Amino acid sequence: MAGLQEEITRRRTFAIISHPDAGKTTLTEKFLLYGGAIAQAGEVKGKRARAATSDWMEIEKQRGISVTSSVMQFQHDGYCVNILDTPGHQDFSEDTYRTLMAADSAVMVIDGAKGVEPQTRKLFKVCAMRHIPIFTFINKMDRETKDPLSLCEEVERELGIDTYAVNWPIGCGREFQGVYDRERASILFFSAEGRGKKAASVEGDLEDPAAANFIGEARWQALREEVELLGAGRDFDMKAVRAGTLSPVFFGSALTNFGVEPFLEEFLRMTTPPTNRVSDAGEIDAFSPDFSAFVFKIQANMNKAHRDRIAFMRVVSGKFEADREVYHVQGGKKLKLSRPQQLMAAEREIIEEAYAGDIIGVFDPGIFSIGDTLCTAAHKFQFDPIPTFAPEHFRRVRPLDTMKRKQFLKGMEQIAQEGAIQIFKTPYSGMEEVIVGVVGTLQFDVLEYRLKNEYGVDLYAEGLPYEYLRWLHHDGDGPLRADELTLPGDAMLVEDYRQNQLLLFASQWSINWTAERNKSVTLSEFGGAKF
């Protein structure tokens, strides 16, 4: 039992969130570099640059953006670290929302030149709803940036969270020379540019006049004044950090590695071991000896050589052991999880055990869905469902070659079960053509690309005028017929692949009109659970 407690205590599971191009994937790479998981980091930029470790899908490597969440684990300084690198692009935000459900804390990466951006606000709201600790890394200090104090004030003003600067930058752009560690009252002077390798640094005392030799007399005097000004601000409060109301702020440059290692070490020290989760049987203790987990992501064809489908699970409590029977609550039966793996993006490693906080991937023959619970047969319960977000863009699609119908259906169903798209059809019709709903239009490009490359299917797509979707609930038995509803001309009744009924609308006015005239039904903006 002592071994179990010890292993769980050293786990740290967190997600990295940001607006596109703030440097989130680059920071993830550098964490892996300092954790010894990779020997050289690949920056995400032009076509000739090395592909980032966490960008495994071919379209990610081509476009230099993350379109799916990646899962990585490494060991550092006695901690076992699970990183969830998420897509920054708003068109893939639903994947990010689901991934945040599996994290115990979040690292928010902010571009020092741009400050808080729209996607940062959206993702922050999801973190705030879950009350998880949020750590801020203000990146790109190797470029000209906004004033550091202004950046902290902007985070507070825009996101409504207090901040505390754990370290302070010494200059910016070409003049970025290091950071001042407030707790240790010492200067960390970066003496060599890191890029793909670890940054070299020299430590010195702020009050030692010799520090001026490293950073220059004027910079040294200015830093002493800034540090004195910071001392007049709020005190550090770990309880507020754990409650998600105070964000520790760190400055650095993921590109040059300056400030990355101090941030990683402080972050691991401050953040929590695996946290408890809510179920229909009450709160599940992470340190309980009974195994439990939930599925938060499904991914097909991660490796063309395997042609398989992986269900990603967050272990919530206890210890997972390969070949031990577990109970699949939604399926209502016992099963053995096949080929349990831990992943470094697309790289796989078969494992024999995992502990609360770990992320594991298991082979999925098509029985798992996002939000499913696994536990022991002796203690059955169900974790709160993961919300499904309403798509905002819709197209009617079918295969160009009708002989490819079987491959079309297989591809559409698999990609839909991953949660990358949502598919619908009109009641009492077949699946010769389907309606696809997505959060962002770039997801249509990914769908088209994956169907062609993974299933050999070319698509015909037709845009539809709908912008809103609502889940339909009523008290009666069985599904409703369209003639039992009073609908405006710009609304359509559809069903998803689980036979849930939904309505598509062209305007908010149509939603209000429908709700007024159909008092026996409820229209819900989220499928599954609400926050």
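Provided above is the structure to which this section pertains.
Residues numbered from 1 in each chain as written. Predicted model: local features only at pLDDT ≥ 70, side-chain atom pairs only at ≥ 80, totals over all residues. Heavy atoms only, no water.

A.B. asks: Teacher, can you tell me more about the overall build of the protein here?
C.D. replies: Summing up its helical and strand segments, the protein has 13 helices and 33 strands in all. Within the protein, the fraction of its 531 residues that count as buried is 57%. The contacts in the protein between residues at least 6 apart in sequence include a share of 71% that link residues at least 24 apart. For the protein, the exposed surface amounts to about 22600 Å²; the carbon and sulfur share of it is 47%. (Helix = DSSP H or I, 4+ residues; strand = E, 2+ residues; numbered from the N terminus. Buried < 20%, exposed > 50% of the residue type's maximum accessible area, 1.4 Å probe, protein only. Contact = heavy atoms within 4.5 Å. Areas by Shrake-Rupley, 256 points an atom, 1.4 Å probe, with all protein chains shown as cover.)

A.B. asks: Looking at this structure, how should I read the pairing of strand E29 (residues 468–474)?
C.D. replies: Within a regular strand, the side chains alternate between the two sheet faces. Summarising the sheet, E29 and strand E31 (residues 501–505) pair through four bridges and their orientation is antiparallel. Pairing of tryptophan 471 across the sheet is with leucine 502, part of E31. (Pairing = 2+ DSSP bridges.)

A.B. asks: Help me out: how do you make sense of the nonpolar core in this one?
C.D. replies: Generally speaking, nonpolar side chains in soluble globular proteins are found buried as a group. Residues Phe296, Met313, Leu337, Phe368 and Leu374 are the most contacted members of the largest nonpolar core, which totals 77 residues. Here this core takes six residues from strand E15 (residues 309–317), the largest share from any one element. With residues near it in sequence (within four places) discarded, phenylalanine 296 still touches Val71, Leu84, Arg98, Thr99, Ala102, Phe312, Met313, Arg314, Ile359, Ile370 and Ile386. By size, the runner-up hydrophobic cluster in this structure holds 29 residues, among which are Ala22, Tyr164, Leu246 and Phe263. (Core = buried A, V, L, I, M, F, W, Y, C linked by side-chain atoms within 4.5 Å.)

A.B. asks: So what exactly am I meant to see when it comes to unusual backbone geometry here?
C.D. replies: Note: most residues except glycine have negative phi, and most peptide bonds are trans. Residues other than glycine seldom take positive phi values, yet aspartate 77 does so here, at roughly 55 degrees. Within the secondary structure layout, aspartate 77 lies in the loop between strand E2 (70–76) and strand E3 (79–85). According to the relative accessible area criterion, aspartate 77 is exposed, its value standing at 62%. Backbone geometry places tyrosine 428, a non-glycine residue, at a positive phi of 65 degrees. Within the secondary structure, tyrosine 428 sits in the loop between strand E26 (422–425) and strand E27 (434–438). For tyrosine 428, a relative accessible area of 71% puts it in the exposed group.

A.B. asks: So what exactly am I meant to see when it comes to the environment of isoleucine 415 here?
C.D. replies: Counting through the fold element by element, isoleucine 415 comes out in helix H11 (residues 405–417). In contact with isoleucine 415, other than residues within four places in its own chain, are Ala420, Ile421, Leu447, Arg450, Leu451 and Tyr455.

A.B. asks: Honestly, the packing of helix H2 (residues 24–34) against helix H10 (residues 260–270) in this entry has me stumped. Any pointers?
C.D. replies: The geometry of a pair of packed helices is captured by two quantities: the angle between their axes and the separation between those axes. Where H2 meets H10, the axes come as close as 10 Å, and the angle between the chain directions of the two elements is 80 degrees. In terms of orientation, H2 and H10 fall into the roughly perpendicular class. Counting all contacts with H2, which are made through Leu27, Lys30, Phe31 and Tyr34, the residues of H10 involved are Val260, Glu261, Phe263 and Leu264. Here the residues of the contact of H2 with H10 sort into six nonpolar, no polar and two charged. (Axes fitted to C-alpha atoms, helices over the stretch in contact; angles between N-to-C directions. Parallel < 35°, antiparallel > 145°, perpendicular 65-115°, else oblique. Nonpolar A, V, L, I, M, F, W, Y, C, P; charged D, E, K, R; others polar.)

A.B. asks: How should the packing of aromatic side chains be read in this particular structure?
C.D. replies: The tally for this structure, following the rule as stated, stands at 16 aromatic pairs. Seen in terms of ring centroids, phenylalanine 14 and phenylalanine 267 are 4.5 Å apart; in terms of plane orientation they differ by 75 degrees. Their pairing is edge-to-face. Here phenylalanine 14, found in strand E1 (residues 11–18), pairs with phenylalanine 267, found in helix H10; they are 253 residues apart in sequence, far enough to count as distant. When its relative accessible area of 0% is taken as the criterion, phenylalanine 14 is described as buried. With centroids separated by 5.9 Å and ring planes inclined at 65 degrees, the aromatic side chains of phenylalanine 294 and phenylalanine 383 adopt a geometry described as edge-to-face. Of this pair, phenylalanine 294 sits in strand E14 (residues 292–300) while phenylalanine 383 sits in the loop between strand E23 (373–375) and strand E24 (388–389); the two residues are 89 residues apart in sequence, bridging distant segments of the chain. Both residues of the pair, phenylalanine 294 and phenylalanine 383, count as buried. An aromatic cluster of three or more residues is present, and its members are Phe14, Phe31, Phe135, Phe137, Phe250, Phe263 and Phe267. Sitting over the ring of tyrosine 327, lysine 380 keeps its end group 4.5 Å from the ring centre. (Phe/Tyr/Trp six-rings, centres within 6.5 Å; stacked < 30°, edge-to-face > 60°. Lys NZ or Arg CZ within 6 Å of the ring centre and 35° of its normal.)

A.B. asks: I tried to follow the sheet that holds strand E25 (residues 393–399) on my own but got confused; where do I start?
C.D. replies: What holds strands together in a sheet is hydrogen bonding between their backbones, with the strands either parallel or antiparallel. The strand order E28-E25-E27-E26-E30-E31-E29-E32 describes an open sheet built from eight strands, whose pairing is antiparallel. The outermost strands of the open sheet, each flanked by one partner alone, are strand E28 (459–463) and strand E32 (521–524). Put simply, the sheet's adjacent strands are angled 40 degrees from each other on average, direction ignored. Looking at chain direction, E26 and E27 are connected through three bridges and run antiparallel. Each bridged residue has a counterpart across the sheet, and for isoleucine 423 the counterpart in E27 is valine 436. Packing against the sheet, helix H12 (residues 442–455) makes contact with E25, E27 and E28, and its axis sits at approximately 130 degrees to E27.

A.B. asks: Even after reading the chapter, I still don't get H12, so can you show me in this structure?
C.D. replies: In an α-helix, one turn spans 3.6 residues; hence positions three or four apart end up facing the same way. The end-to-end C-alpha distance of H12 is 19 Å, a good match for the 20 Å that 14 residues give at a rise of 1.5 Å each. All buried positions along H12 are accounted for by Leu442, Gln443, Phe444, Val446, Leu447, Arg450, Leu451, Glu454 and Tyr455. Downstream of H12 by a residue or two, glycine 456 has a phi angle that is positive, lying close to 70 degrees. (Expected span 1.5 Å × (residues − 1).)

A.B. asks: Mind showing me how you'd approach the side chain of glutamate 495 here?
C.D. replies: In this fold, glutamate 495 is placed in strand E30 (residues 491–496). According to the relative accessible area criterion, glutamate 495 is buried, its value standing at 13%. If sequence neighbours within four positions are ignored, glutamate 495 has contacts with Ile423, Phe424, Lys425, Pro427, Asn500, Gln501 and Leu502.

A.B. asks: What is the right way to look at helix H6 (residues 148–159) in this model?
C.D. replies: In this model, H6 (12 residues) spans 16 Å end to end at C-alpha, consistent with the 16 Å of a helix rising 1.5 Å per residue. In this structure, the buried side of H6 is in contact with strand E4 (105–111), helix H5 (118–130), strand E5 (134–139), strand E6 (162–165), strand E7 (167–170) and strand E11 (246–251).

A.B. asks: For this particular structure, what's the right way to read the packing of H11 against H12?
C.D. replies: It is at 10 Å that the axes of H11 and H12 come closest, and there the two elements cross at 125 degrees. Between H11 and H12, the angle is such that the two are oblique. Viewed along their axes, H11 and H12 form a crossing whose handedness is right-handed. Taken together, the residues of H12 that come into contact with H11 (itself represented by Gln407, Phe408, Lys410, Gly411, Met412, Gln414 and Ile415) are Leu447, Arg450, Leu451 and Tyr455. (Left-handed = near helix turned anticlockwise from the far one by under 90°.)

A.B. asks: I would appreciate a short explanation of the environment of lysine 30 in the present structure.
C.D. replies: Along the chain, lysine 30 falls in helix H2. Residues lysine 30 and leucine 255, spaced 225 residues apart in sequence, show a C-alpha to C-alpha distance of 8.3 Å. Among the polar contacts listed, one links the side chain of lysine 30 to the side chain of asparagine 257, at a separation of 3.0 Å. (Polar contact = N/O pair within 3.5 Å; in protein donor to acceptor, adjacent residues only side chain to side chain.)

A.B. asks: Can you help me understand the pattern of salt bridges in this one?
C.D. replies: Counted according to the given criterion, the structure contains 25 salt bridges. Two residues, arginine 405 and glutamate 432, come together in a salt bridge whose shortest N-O distance is 3.8 Å. Here the residue arginine 405 occupies a position in helix H11, and glutamate 432 occupies one in the loop between E26 and E27, the gap between them amounting to 27 residues. Residue arginine 405 is classed as partly exposed on the basis of its relative accessible area of 35%. (Salt bridge = Lys/Arg side-chain N within 4 Å of Asp/Glu carboxyl O.)

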